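# A closer look at the structure
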Amino acid sequence: MHTLAVIIARAGSKGLPDKCVRLLGGRAVIEYTFDHALSASRVDAILLTTDSEAAKALARARGLGVVDRPAELATDTATVDEAARHAVSSYEASHGWTVDHVVLMYGNIPVRADGMIDRAIAKLIDTGADSVRSVALVGKQHPDWIHKLDGDRMQQFRKNSIYRRQDLDPLYYHDGAVAVVTRDALFAAPRWAGDHQGFLGEDRRAIIQQPEDCVDVDGPVDLYLANAILRARIEDQRAQHGPVRIAGRVIGEGEAAYVIAEAGVNHEGSVRKAIALVDAAAAAGADAVKFQMFSADRLVSESTATATYQQERTGATCQHALLKQLELSREDFASIQHHCRQMNIEFLATPFSVADLEQLLSMGVPAIKFASTDLNNPALLQAGVASNLPLICSTGAATAEEIGRAVGDLHSWGASYRTVLLHCVSSYPTPADRANLRAIGELSERFGLPVGYSDHTESLGTGGLAVAAGAVIIEKHFTLDRAAAGPDHSMSLEPGDLERYVASIREAGRMMGDGSLDFDECEAEVRRIARKSVVAARDLSAGDVLSRAHLAVKRPGGGMAPAELDRLIGRRIKADIAADTQLSWEMVL
């Protein structure tokens, strides 16, 4: 049996133009449907039928088939089954075989329940039905609870005597998440003129899901709803699995920033210098020291040129030859890791291939850090996901769409709950006015993940500022000697500056506090002395009726708040009161 998923998308939409390629969480809405189709194990091939050039480009970038949807099938009046038949016929003609089942999916539905497509296909096959569709329970919009209006007079849509909503007869609507039909049903002739549901066949089955399991994007509010549900799913995963932890340290808002001292390749290929870098990182108070694990032969072609900054600092023009000199052996890394344990600092390393990653996993590292250059490398990311370790992903030189695609992949692989993004500017060094620290909050808001900062500026204060901007991890290059010959030395901090850098991060963390809006205990005295209370403006006698002239607002606080003053006017005094006496409700009638 051959099952073809047909994704249907139009460029035009009256409610929300280009809705399929609108951004949602940094990605085009239609990319979520691509994810859902690609994750379905029972789907043999995926085809997009559309007149949107932007959607076509996105589909081709994911390796999906594309059918140009004719203009006459891309109008408001064109039916879904017409577009689907055209797509299936085109696919069969180009591939030379006949499809058995067709999965119909709308490109403007970014929220679907996990496994829904496979469940629908399985039910279609198991029952021998003509079609299976996802449906959801009708809630407050149930026909027995809605009305028509005659002018402003309400009339029951259907007369009934049902009082409680829970007693309503259950009704269901097709939510659009998925519809699976047999080819025979899809291509059967209509049973009568205008039989627009005929392509679903006579035996139509349903799979019930919750209303929140699907969001059909037709307007701006739907985008907000979809974003909230996608965020909630990540939060649910995090609640189920707990916060991100690296070697027992909780990573996240309200926690001290996790500081990674980036040794990188500043060891110059010497294990002795690498161990000295570990000592410097530990002395500076960093939580972890990180190296780069690679094989020049696996990482780069021999003809690859060096970057301009590498040429300026090393004179090398061949990247392969440069990196070959900076390799460390498996035994070297074992020695470095052993020394890290002795110095009570975590050992981390960035893998640049699956083989490097496997070596790291054999060493028992507490987390995997991916370089910015591998954000668009699904094979390496997926190997990291399989480790079940926390994942730290830098975003340097990436577009918002590329970040969104990587986050989407990580979510579909079930790893978003243990992922931390690092805002990064891949410029060495990064000019201060290009640090773009606001991106930290934007990444967090857009993707709902903890976010850190990989700092390539030369300022000692940037780490603290990044913490103030919301960073939960700070990564910073350091060296034993900035004047040494090597690609990264000159933009790295020397040990003394690294210590000051870490201290500024810790101070910033303390200054951030817990975000409470209630006053702090250290403010209690000033609050008591400097705030004001309502007092008698002059001596008052029993029976006096209070007017504004009888009242004043003076320090200290602790009595009736000034906001209550107007409520006293017109009240009668019970007993004599001396001027400047703080008033209370017990003093008046």
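In this report, we go over the structure that sits alongside the text. (Residues numbered from 1 in each chain as written. Predicted model: local features only at pLDDT ≥ 70, side-chain atom pairs only at ≥ 80, totals over all residues. Heavy atoms only, no water.)

### Points about the overall build of the chain
Summing up its helical and strand segments, the chain has 19 helices and 23 strands in all. Here the chain has a C-alpha radius of gyration of 33 Å; the compact-globule value for 589 residues is 25 Å, and the former is much larger. On the principal axes, the C-alpha backbone points of the chain span a range of 100 × 85 × 35 Å. Counting across all 589 residues of the chain, residues that qualify as buried make up 48%. (Helix = DSSP H or I, 4+ residues; strand = E, 2+ residues; numbered from the N terminus. Rg over C-alpha atoms; globule rule 2.2 N^0.38 Å. Buried < 20%, exposed > 50% of the residue type's maximum accessible area, 1.4 Å probe, protein only.)

### What to know about helix 17 (residues 495-512)
The first and last C-alpha atoms of helix 17 sit 26 Å apart over 18 residues, in line with the 26 Å expected at 1.5 Å per residue. When helix 17 is considered as a whole, its buried residues turn out to be L498, Y501, V502, S504, I505 and A508. Projected onto a plane normal to the axis of helix 17, the buried residues spread over an arc of 155° and lie on a single side. Among the exposed residues of helix 17, those pointing more than 90 degrees away from its buried face are R500, R510 and M511. Next to the buried residues of helix 17 lie strand 14 (258-264), helix 7 (271-284), strand 20 (451-455), helix 16 (462-468) and strand 21 (473-477). Directly after helix 17, the chain includes G513, whose backbone phi takes a positive value near 65°. (Expected span 1.5 Å × (residues − 1). Arc of directions from axis to C-beta. Contact = heavy atoms within 4.5 Å.)

### Some points on the packing of helix 6 (residues 220-241) against helix 15 (residues 438-447)
Direction vectors running N to C along helix 6 and helix 15 enclose 95°, while the axes themselves pass 9 Å from each other. When the axes of helix 6 and helix 15 are compared, the pair comes out roughly perpendicular. For the pair helix 6 and helix 15, contact is made by N227, R231 and I234 and by S444, E445, R446 and F447, respectively. Here the contact of helix 6 with helix 15 is composed, by residue class, of 2 nonpolar, 2 polar and 3 charged. (Axes fitted to C-alpha atoms, helices over the stretch in contact; angles between N-to-C directions. Parallel < 35°, antiparallel > 145°, perpendicular 65-115°, else oblique. Nonpolar A, V, L, I, M, F, W, Y, C, P; charged D, E, K, R; others polar.)

### A look at the side chain of R62
Along the chain, R62 falls in the loop between helix 2 (53-61) and strand 5 (65-68). Of note is the side chain of R62, whose polar atom sits 2.8 Å from the side chain of D35. Those residues in contact with R62 that lie beyond four places of it in its chain are R27, E31, F34, D35, L38, R405 and D409. (Polar contact = N/O pair within 3.5 Å; in protein donor to acceptor, adjacent residues only side chain to side chain.)

### Quick word on the sheet that holds strand 1 (residues 3-9)
The 7 strands lie next to each other as 5-4-1-6-10-7-11, forming an open sheet whose pairing is mixed. The open sheet has two edge strands, strand 5 and strand 11 (204-209), and neither has a second partner. Going across the sheet, the axis of each strand differs from the next one's by a mean of 25°, ignoring polarity. As paired strands, strand 4 (residues 45-50) and strand 5 are joined by 4 bridges and run parallel to one another. Bridged to L48 within strand 5 is V66. (Pairing = 2+ DSSP bridges.)

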